[in-house]
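# Coordinate analysis (summary)
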Amino acid sequence: MSDGAMTEHLHLVSESRSFGGTQSVFRHASAVCGTEMTFGAYLPPQAALGPVPVLWYLSGLTCTHENAMVKAGLQAHAAKAGIALVFPDTSPRGPGVADDGAYDLGQGAGFYVNATRDPWKPHYQMYDYITRELRGVVEAALPVGEAHGITGHSMGGHGALTLAFRNPGLYRSVSAFAPIVNPTRSDWGRKQLSAYLGEDEADWAVYDACLLLADLGWERDILIDQGADDQFLDLLRPEALAALMAGRRQPGVLRIQAGYDHSYFFVASFGEDHVNWHAERLHAA
């Protein structure tokens, strides 16, 4: 698909000045997801002079593109660091898109997988959407360079780690806030993976950060923050990834932050650390 074809149906929904840069929201027709998709993009003031690195932020369960864009406070840090931000949606949406009455399945809960089972398969192709289609749209439409990093929160942290581990050529840095690191062994994972992919657990492994790190490794370092008072700690299983990182002598750090829960107050508290950490690696790329 040509750059022109990728951007000709890109619709600007809103645009606001922010810390000397621009926070925009776009809508476009997604061939991968078979429906219209919405995403946010922040361009720092440095983008007026030429292409800048970009940090992708993947959000968690029940979120849209808007939650982190409004609540995480990352734009101020990105403006200082000279990097762009992209905030994708968490799933396909619309009246013709399959859904479920539970908050943790269906719309708002795409888990960044390519579904292979009905009724999810026609639209829930979030892995390909993030790594292939939306990346192409962003690179064609916005002044960003080839250095991309990825981060995310909760379900989005799961997405960030799995997408990066499977695509080291696409992402030069990866971090996460309270990620679901071992979904094949968690109720936040087994339910969704069985629905989207079927009951054969062998098919789930490519969407489990612990299994991927054990199998593929990661040549660079990793930054993870986890709140010690996170109400979902047993579902997130940070101890599984910590043990694996120690056993593999994986470069990186998993920080347990005393007193912090699972909310965006937690994300906002450590957002500057993550933006600066990515910026250091992306500008050096």
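To be clear, the structure that these remarks concern was listed above.
Our subject in this report is the structure included herewith. (Residues numbered from 1 in each chain as written. Predicted model: local features only at pLDDT ≥ 70, side-chain atom pairs only at ≥ 80, totals over all residues. Heavy atoms only, no water.)

## Structural notes on the sheet that holds strand 4 (residues 52–58)
The nine strands lie next to each other as 1-2-3-5-4-6-7-8-9, forming an open sheet whose pairing is mixed. The sheet is open, and its two edges are formed by strand 1 (11–18) and strand 9 (252–257), each paired on a single side. Neighbour to neighbour, the strand axes of the sheet diverge by 20 degrees on average, direction disregarded. Where helix 3 (residues 74–81) meets the sheet, its contacts fall on strand 1, strand 2 (21–30), strand 3 (35–43), strand 4 and strand 5 (84–88), and the angle it forms with strand 5 comes to roughly 145 degrees. (Pairing = 2+ DSSP bridges. Helix = DSSP H or I, 4+ residues; strand = E, 2+ residues; numbered from the N terminus. Axes fitted to C-alpha atoms, helices over the stretch in contact; angles between N-to-C directions. Contact = heavy atoms within 4.5 Å.)

## Looking at the side chain of threonine 35
Checked against the element boundaries, threonine 35 lands in strand 3. Only 3.1 Å separates the side chain of threonine 35 from the backbone oxygen of arginine 93, close enough to count as a polar contact. With near-sequence residues (within four places) excluded, threonine 35 lies in contact with His28, Ala29, Ser30, Pro92, Arg93, Val97 and His123. (Polar contact = N/O pair within 3.5 Å; in protein donor to acceptor, adjacent residues only side chain to side chain.)

## Describing the side chain of aspartate 208
You can see aspartate 208 is positioned in the loop between helix 6 (187–197) and helix 7 (209–216). For the buried aspartate 208, which has no salt bridge, the nearest side chain bearing the opposite charge is arginine 185, at an N-O separation of 6.6 Å. (Buried < 20%, exposed > 50% of the residue type's maximum accessible area, 1.4 Å probe, protein only. Lys, Arg positive; Asp, Glu negative; His and termini not counted. Salt bridge = Lys/Arg side-chain N within 4 Å of Asp/Glu carboxyl O.)

## Things to note about the nonpolar core
Core analysis: the biggest nonpolar cluster contains 87 residues, and Ile130, Leu161 and Tyr196 have the highest contact counts within it. Of all the elements, helix 4 (residues 126–141) adds the most residues to this core, at seven residues. Other than its neighbours up to four places away in sequence, isoleucine 130 contacts Trp56, Leu58, Pro88, Tyr112, Arg135, Leu163 and Tyr171. (Core = buried A, V, L, I, M, F, W, Y, C linked by side-chain atoms within 4.5 Å.)

## Concerning the packing of aromatic side chains
Summed over all chains, the structure comprises 13 aromatic pairs. Centre to centre, the rings of phenylalanine 177 and phenylalanine 266 are 6.2 Å apart; their planes meet at 85 degrees, and the pair counts as edge-to-face. Here phenylalanine 177 is found in strand 7 (residues 173–177), whereas its partner phenylalanine 266 is found in helix 10 (residues 264–284), with 89 residues between them in sequence. Of the two residues, phenylalanine 177 and phenylalanine 266, neither departs from the other in class, the shared state being buried. Between tyrosine 260 and phenylalanine 270 the ring centres are 4.9 Å apart and the planes differ by 70 degrees, which places this aromatic pair in the edge-to-face class. Here tyrosine 260, found in the loop between strand 9 and helix 10, pairs with phenylalanine 270, found in helix 10; they are 10 residues apart in sequence, far enough to count as distant. (Phe/Tyr/Trp six-rings, centres within 6.5 Å; stacked < 30°, edge-to-face > 60°.)

## With respect to the pairing of strand 1
Bridge count between strand 1 and strand 2: seven bridges; the pairing is antiparallel. Bridging across to strand 2, histidine 11 finds its partner in arginine 27. Remark: two residues form the turn of the hairpin made by strand 1 and strand 2, two consecutive strands paired antiparallel; phenylalanine 19 in that turn has positive phi of roughly 50 degrees.

## Quick notes on the pattern of salt bridges
Scanning the model with the defined rule gives 11 salt bridges in all. Its salt-bridge partner being arginine 281, residue aspartate 221 comes within 2.7 Å of it at the nearest N-O pair. Taken together, the positions of aspartate 221 in the loop between helix 7 and strand 8 (222–227) and arginine 281 in helix 10 put the pair 60 residues apart, joining distant regions of the chain. A relative accessible area of 23% places aspartate 221 in the partly exposed class. With relative accessibility at 22%, the residue arginine 281 sits in the partly exposed group. Arginine 255 serves as the salt-bridge partner of aspartate 225, at 2.7 Å between the closest nitrogen and oxygen. With a gap of 30 residues between them, aspartate 225 in strand 8 and arginine 255 in strand 9 connect regions that are remote in the sequence.

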